Amino acid sequence: MANEYTPLITTVTVGPVRRRYPHQTVRRFCTLALGSSLIALFITFLVRVVFAPPHNTHHSWPGHNKTRFTFEQLQTVLLDTPSASKAEEWSRYYTSGPHLAGKNLSQAEWTRDRWNEWGIKSDIVAYDTYINYPLDHRLALLTKPKSDSGDAGTWKVAFEASLKEDELDEDPTTLLEESIPTFHGYSASGNVTGSFVYVNYGTYWDFEDLLKANVSLEGKIAVARYGGIFRGLKVKRAQELGMIGCVLFTDPGDDGKMTEAKGYDTYPNGPARHPSSVQRGSVQFLSVAPGDPTTPGYPSKPGVPRAPVDKAIPSIPSLPVSYVEALPILKALNGFGPSAKDFGKYWTRNTGLDYKGVEYNVGPSPDNVVLNLYNEQEYTITPQWDVIGIINGTIPDEVIVVGNHRDAWIAGGAGDPNSGSAVLNEAIRSFGQALEKGWKPLRTIVFGSWDGEEYGLVGSTEWVEEFLPWLSATNVAYINVDVGAVGPVFGAAAAPMLNKLIYDVTALVQSPNQTVKGQTVRDLWDGHILTMGSGSDFTAFQDFAGVPSLDMGFSGDATEAPVYHYHSNYDSFHWMAEFGDPGFLYHKTMAQLLALTAAKIAETPLISLNATDYADALKEYVKKVETKLVSSQTEPSTEEEIFEFRARATGTEVKGDPNLFEESLARLYHSVDELRSAAVKLDAKAEELARKANEHIPWWKWISKLKLLHEIRFTNTKYKKIERAFLYQPGLDSRPWFKHVVFAPGIWTGYAGAVFPGLVESIDNKDFVNALKWVDIIDDCVKTATKTIE
């Protein structure tokens, strides 16, 4: 009997062990096979990725580009492939007929087909956009005898403008039957008659000068010269002051040396402006918001809600005229009202019609001398077509976008935009040649041939609005070429992070000007890089999406350059071949620059951006604001400064404490200094990583190689996020579409860039309460950028 002393160990009989799985042997074999496969895959990864032989200089990450197509080989292809004769061929095609926005589907399809032929997968993206087309117009100078008795009398037509440009036998483009009438994009329909006033350039301060001189404006028609500020803002200010219409003309005095008055023959016999040349263009309020005015902030797709347009485009009619047809109107003002001389140097600069008998009196014209301005436009919602091409890279979330617009106001457009179109085609053809030779980019490159730029950057803006989440996550930089070549002088505008890249690339490309053998574009360029403003397709990328952007091209700003007939029928293939770029050599050079710029961003392991340059620029911008505050009456000297000065709106009542605002700028200086310290470290780290990426790392240091991959990726992500940090989602005061706190077009310039627009506009309005608000906003953005890169 068991008790407490009985042993606990005893023998128990049990049955045989039951198998857990019926096919246990097979299962064990499969487990071993799967484990061995995973180990084999890992070893393959180490051999093919980590232990890959090092690339030569400027190569992509380890493991990329298995064919070992070096950057030097790519550079050779991109320099050797572009052809002047091919650029001439593309120019001839694009300028062979009208290609107004929304009416160029055949050109869009042709462009898509060429890109596909060259190996770049391409397609068309359409948007349903709100735009206008001209139906009818009239501009007549009417007079009637003065009557002391008050009898109305009979109006007679003293002059009626043809509103056409002369046909020239030497220039086939001008002879086309399907030529586009002279008109303004987004102009209002209307039939108005009234006295008229000469308003100089129509800047904000030109109108202020007239008001201070007690010149009556309400109910009158404005006659303004082109230049200085965006044409739509001339119409906008006239409308705000109660004027009923606007006539715009080009004064040859703004053409510099090459004028008929100075002894030069006019086109087609010489370099001077043809007297009947007319500048067409959009009068949308571009500094308020670009793109389709009925869909601000979202893409114009079928069925979307449409916003009212009253704050985006004019409600008064306007027409463009040539200077030869402006002469009778300007002469009719002789002796009436103050003279331009009475208003000082900003009214008398570049007046070029004195020799034609114009005295530049402002008027208004007497009651018996009036203008009849009739403008009939058809507004419609119609498709516009962007052509989008893509070269997929190894890294899916680092993307470069390269673009040019295709639409033009005229049948020609050899300079604007189709010199850029020919350049873009040659750059794409060059990349196609590289693809054939086995190259594949590290980063994805997207090409855009935009429609509707001329009306208000419509095609590019709608595309950015549609793909904003993807662009925010991936877009590294945007490169724009609008007017690619109309002369020999290189120029660029860019976000500061891209400055160094432009200097590097221009030093790699030889100039067509070889008066000194071997000289590059950089050697002949003054190196001045403009601030980003608006007026071309970079606007949505830079100011709405926060993508660092650049715009570049060759212009005719040299002293001896022929006059460029901007937005005129004379911007033709014949003008380009004879005066703008004979031999199309600058087209070829621009294609080389464009291709190499894209390649440098796409191919180098570290993204070609420089954060220190941005921080240095921000400090200069703060200094500029401070200088504006303490010395607002500083005399402008350059052309750009003069028009910026004359375009400043001004408040009458001081709000807040200017001294408190000035003290607050110390916070911005401090934050920018902190950003610079972080930026210097980031750029130094990038240089170190770039050096390591091009060094041979032995196979036994595979962990170091993986670490290098991670560090490069992490650093590039920091660069990608810097520009985004300066977006403020509520947007700028009175124009919420513009999100960037550093860059925007001047609210009364449109083209020229303003820095810290919230601060600058607050100072102009004498609203220092609002200025302090913007100090806080900008300070937060700078600190966010600093945290992003620390």
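(A) How the structure looks around the overall build of the protein chain. Each helix and strand counted, the protein chain has 24 helices and 18 strands in total. If you line up the protein chain on its principal axes, its C-alpha atoms span 150 × 65 × 55 Å. Classification of the 790 residues of the protein chain by burial places 58% in the buried group. Roughly 32000 Å² of accessible area belongs to the protein chain as shown, and the carbon and sulfur atoms make up 54% of that amount. For the protein chain, the distance from the average site of its 75 positive side-chain charges to the average site of its 96 negative ones is 10 Å.

(B) Geometry of the pattern of salt bridges. In total, this model carries 37 salt bridges according to the counting rule given. Between Glu117 and Arg114 there is a salt bridge, with the nearest N and O atoms lying 2.5 Å from each other. Of this pair, Glu117 and Arg114 both sit in helix 4 (residues 105-117), separated by 3 residues, roughly a single helical turn. Since its relative accessible area comes to 15%, Arg114 is described here as buried. Taking the shortest distance from any N to any O, the salt bridge between Glu620 and Lys623 comes out at 3.6 Å. A residue pair is termed a helical-turn pair when its members lie 3 or 4 positions apart in one helix, as Glu620 and Lys623 do in helix 19 (residues 611-630) at 3 residues. Glu620 sits in the partly exposed class, given a relative accessible area of 46%. Three or more residues joined by partner-sharing salt bridges are found here, namely Glu208, Lys236, Arg237 and Glu240.

(C) Spotlight on the pairing of strand 10 (residues 369-391). In this sheet, strand 10 lies alongside strand 1 (residues 121-143) in antiparallel orientation, the contact comprising 22 bridges. Residue pairing in the sheet places His137 in a bridge with Asn375 of strand 10. Across 5 bridges, the pairing between strand 4 (residues 190-194) and strand 10 is antiparallel. Paired with Val192 across the bridge in strand 10 is Leu373.

(D) Examining the environment of His565 more closely. Here His565 shows up in the loop between strand 16 (549-555) and helix 17 (573-580). Look at His565 and you get buried, because its relative accessible area is 0%. Spatially, the C-alpha atom of His565 lies 18 Å from that of Ser421, the residues being 144 residues apart in sequence. If we skip the residues at most four places from it in the chain, His565 touches Tyr267, Ala272, Arg273, His274, Ser277, Tyr570, Asp571 and Trp575. One polar contact links the side chain of His565 to the main-chain amide nitrogen of His274, over a distance of 3.1 Å. There is a polar contact of 3.5 Å between the side chain of His565 and the backbone oxygen of Val563.

(E) Structural view of the side chain of Ser536. By the secondary structure assignment, Ser536 is in the loop between strand 15 (529-530) and helix 16 (538-544). When its relative accessible area of 4% is taken as the criterion, Ser536 is described as buried. Separated by 2.8 Å, the side chains of Ser536 and Asp482 make a polar contact. When neighbours within four sequence positions are excluded, Ser536 is seen to be in contact with Glu453, Leu457, Asn480, Asp482 and Asp551.

(F) Quick peek at unusual backbone geometry. Each neighbour pair has its own omega, and for Tyr267 with Pro268 the value is 10 degrees, a cis peptide bond. With respect to the element layout, Pro268 can be found in the loop between strand 7 (245-249) and strand 8 (281-282). Omega for the peptide link from Gly363 to Pro364 comes to 10 degrees, which places this bond in the cis form. Here Pro364 shows up in the loop between helix 9 (345-348) and strand 10. The phi dihedral of Asn200 falls on the positive side, at around 60 degrees, and the residue is not glycine. By the secondary structure assignment, Asn200 is in the loop between strand 5 (196-198) and helix 5 (204-212). According to the relative accessible area criterion, Asn200 is buried, its value standing at 0%.

(G) Quick peek at the packing of helix 3 (residues 84-94) against helix 4. Helix 4 packs onto helix 3 with a crossing angle of 155 degrees between their chain directions and a minimal axis gap of 11 Å. Here helix 3 is positioned roughly antiparallel relative to helix 4, judged by the angle of their axes. Across the interface between the two elements, Trp90, Tyr93 and Tyr94 of helix 3 pack against Ser106, Gln107, Trp110 and Thr111 of helix 4. By residue class, the composition of the contact of helix 3 with helix 4 is 4 nonpolar, 3 polar and no charged.

(H) Seen up close, the sheet that holds strand 6 (residues 221-225). Spatially, the 4 strands line up as an open sheet ordered 5-6-7-9, and their pairing is parallel. Two strands in the sheet have a free side with no partner beyond their single neighbour: strand 5 and strand 9 (318-321). Mean inter-strand twist for the sheet, computed between neighbouring axes without regard to direction, equals 20 degrees. When strand 6 meets strand 7, the two strands line up parallel, connected through 5 bridges. Directly across from Arg225, in strand 7, lies its bridge partner Phe249. Those strands touched by helix 7 (residues 323-331) are strand 5, strand 6, strand 7 and strand 9, and its axis lies near 125 degrees from that of strand 7.

(I) Looking closely at the packing of helix 5 against helix 6 (residues 231-240). Viewed as axis vectors pointing N to C, helix 5 and helix 6 meet at an angle of 30 degrees, and their least axial separation amounts to 10 Å. In terms of axis orientation, helix 5 runs roughly parallel to helix 6. In this structure, helix 5 meets helix 6 at a crossing whose hand is right-handed. In this structure, helix 5 uses Tyr204, Phe207 and Glu208 to contact helix 6, whose residues at the interface are Lys234, Arg237 and Ala238.

(J) Seen up close, the nonpolar core. In this structure, Phe431, Phe447, Trp463, Phe661 and Phe726 are the most contacted members of the largest nonpolar core, which totals 133 residues. Filtering out sequence-adjacent residues up to four positions away, Phe661 remains in contact with Val625, Leu629, Leu759, Ile763, Phe768, Ala771, Leu772 and Val775. One finds Ile221, Leu327, Ala332 and Val369 within the second-largest nonpolar core, a separate group that totals 47 residues.

(K) Fine view of a negative patch on the surface. Negative charge collects at one region of the surface, where Asp166, Glu167, Asp169 and Glu170 lie side by side. Among the structural elements, Asp169 can be located in the loop between strand 2 (156-160) and strand 3 (184-185). The exposure class of Asp169 is exposed, given its relative accessible area of 69%.

(L) Main features of the side chain of His740. Tracing the backbone through its elements, the reader meets His740 in the loop between helix 22 (702-722) and strand 17 (743-745). The class of His740 is buried, set by a relative accessible area of 0%. Among the polar contacts listed, one links the side chain of His740 to the backbone nitrogen of Phe743, at a separation of 3.3 Å.

(M) Region of the structure containing the confidence of the model for the protein chain. Taken as a whole, the protein chain shows an average pLDDT of 92; of its residues, 91% reach a score of 70 or greater. Predicted confidence for residues 62-66 stays below pLDDT 50, and this span has 19 contacts to residues more than four positions away or in other chains.

(N) Examining helix 6 more closely. Burial runs high along helix 6: 8 of the 10 residues are buried. Residue Gly242 follows helix 6 closely and has a positive phi angle near 85 degrees.

(O) Region of the structure containing the packing of aromatic side chains. A complete count under the given rule lists 42 aromatic pairs for this structure. Judged by centre distance (5.7 Å) and plane angle (55 degrees), the ring pair of Tyr267 and Tyr570 falls under tilted. Of this pair, Tyr267 sits in the loop between strand 7 and strand 8 while Tyr570 sits in the loop between strand 16 and helix 17, placing them 303 residues apart in sequence. Given the relative accessible area of 1%, Tyr267 is considered buried. With relative accessibility at 0%, the residue Tyr570 sits in the buried group. Taken together through their ring pairs, the aromatic side chains of Trp450, Trp463, Phe467, Trp470, Tyr478 and Phe541 make up a single cluster.

About the criteria used
- Residues numbered from 1 in each chain as written.
- Predicted model: local features only at pLDDT ≥ 70, side-chain atom pairs only at ≥ 80, totals over all residues.
- Heavy atoms only, no water.
- Helix = DSSP H or I, 4+ residues; strand = E, 2+ residues; numbered from the N terminus.
- Buried < 20%, exposed > 50% of the residue type's maximum accessible area, 1.4 Å probe, protein only.
- Areas by Shrake-Rupley, 256 points an atom, 1.4 Å probe, with all protein chains shown as cover.
- Lys, Arg positive; Asp, Glu negative; His and termini not counted.
- Charge placed at Lys NZ, Arg CZ, Asp CG, Glu CD.
- Salt bridge = Lys/Arg side-chain N within 4 Å of Asp/Glu carboxyl O.
- Pairing = 2+ DSSP bridges.
- Contact = heavy atoms within 4.5 Å.
- Polar contact = N/O pair within 3.5 Å; in protein donor to acceptor, adjacent residues only side chain to side chain.
- Axes fitted to C-alpha atoms, helices over the stretch in contact; angles between N-to-C directions.
- Parallel < 35°, antiparallel > 145°, perpendicular 65-115°, else oblique.
- Nonpolar A, V, L, I, M, F, W, Y, C, P; charged D, E, K, R; others polar.
- Left-handed = near helix turned anticlockwise from the far one by under 90°.
- Core = buried A, V, L, I, M, F, W, Y, C linked by side-chain atoms within 4.5 Å.
- Patch = residues over 30% accessible without salt bridge, like charges linked within 9 Å, V, L, I, M, F, W, Y side chains within 5 Å.
- pLDDT = per-residue confidence, 0-100.
- Phe/Tyr/Trp six-rings, centres within 6.5 Å; stacked < 30°, edge-to-face > 60°.

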